[in-house]
Amino acid sequence: MKHTLIIGASDNPARYSFLAAQKLKAKGHSVLLLGRRKGLAAGQEIHIQPLAWENIDTVTLYINPGIQTAYYDYIVSLKPKRVIFNPGTENREFENILIAKNIVPVEACTLVMLTTGQY
């Protein structure tokens, strides 16, 4: 099974990463969560350390570009098909790194993609 990894996951129901986890699960997607604090979102554990997950199809980012630099190598090592840069996370430097590694960067909103059937 292919998974979606949410980086910047939160257990705060007001956060878009929380809403994305819920909506992904509701649409039948397998979700993995990585955040700054432990907690639960969509009934799943939020991990605070990057893990060597396999079969990552999509990484969806909810962290600002300044924080992303610490995750460049990690995300590339997961070999996802695409990385979604949600509003406020756009990062041309990282997008160029992804393109060089044959990973598709997508500047879009995960919630909108799910709502419109583009996910």
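Residues numbered from 1 in each chain as written. Predicted model: local features only at pLDDT ≥ 70, side-chain atom pairs only at ≥ 80, totals over all residues. Heavy atoms only, no water.

(A) Representation of the pairing of strand β6 (residues 82-85) within the structure. By the alternation rule, side chains of β6 split into R82 and I84 and V83 and F85, which are all buried. As judged from the four bridges shared by strand β5 (residues 56-61) and β6, these two strands associate in the parallel manner. In the strand pairing of β6, L61 is matched with F85. Sheet topology places β6 next to strand β7 (residues 104-107); four bridges connect them, and they run parallel. The residue bridging R82 from the neighbouring strand is V104, located in β7. For the crossover from β6 across helix α4 (residues 92-100) to β7, the handedness is right-handed. (Buried < 20%, exposed > 50% of the residue type's maximum accessible area, 1.4 Å probe, protein only. Helix = DSSP H or I, 4+ residues; strand = E, 2+ residues; numbered from the N terminus. Pairing = 2+ DSSP bridges. Right-handed = clockwise from strand over helix to strand, strands pointing away.)

(B) Structural context of the layout of surface pockets. Here the largest pocket defines a volume of roughly 530 Å³. Across the lining of the largest pocket, the residue classes tally to 11 nonpolar, eight polar and five charged. (1 Å grid on protein atoms, 1.4 Å probe; cavity = no way out; pocket = protein on both sides within 12 Å on 5 of 7 lines; lining within 4 Å. Points joined across faces, edges and corners; volume = space filled by probe spheres on them. Nonpolar A, V, L, I, M, F, W, Y, C, P; charged D, E, K, R; others polar.)

(C) Main features of the packing of aromatic side chains. Counted by the stated rule, this structure contains two aromatic pairs. Each ring, one from Y72 and one from F94, has its centre 4.3 Å from the other, and the planes form 10 degrees; the classification is stacked. In this pair, Y72 sits in helix α3 (residues 72-78) while F94 sits in helix α4, placing the two residues 22 residues apart along the sequence. In terms of burial, Y72 and F94 fall into one category: buried. Measuring from ring centre to ring centre gives 5.9 Å for F85 and F94, while their planes differ by 75 degrees; the resulting arrangement is edge-to-face. An identical accessibility class is assigned to F85 and F94; each is buried. (Phe/Tyr/Trp six-rings, centres within 6.5 Å; stacked < 30°, edge-to-face > 60°.)

(D) Representation of the nonpolar core. Among the nonpolar cores identified, the biggest contains 20 residues, and L5, I7, L61 and I75 are the most heavily contacted of them. Those elements that provide at least two residues to this core are β1 (3-7), β2 (30-34), β5, α3, β6 and α4. Ranked by residues supplied to this core, first place goes to α3 with five residues. When neighbours within four sequence positions are excluded, I7 is seen to be in contact with L34, V59, T60, L61, Y62, I63, Y71 and I75. (Core = buried A, V, L, I, M, F, W, Y, C linked by side-chain atoms within 4.5 Å. Contact = heavy atoms within 4.5 Å.)

(E) Seen up close, the sheet that holds β6. Taken together, seven strands build an open sheet; the order of strands is β3-β4-β2-β1-β5-β6-β7 and the sheet is mixed. Edge strands, defined here as strands with exactly one partner in the open sheet, are β3 (39-41) and β7. Taken pair by pair, the neighbouring strands of this sheet meet at an average axis angle of 30 degrees, ignoring direction. As paired strands, β1 and β2 are joined by five bridges and run parallel to one another. (Axes fitted to C-alpha atoms, helices over the stretch in contact; angles between N-to-C directions.)

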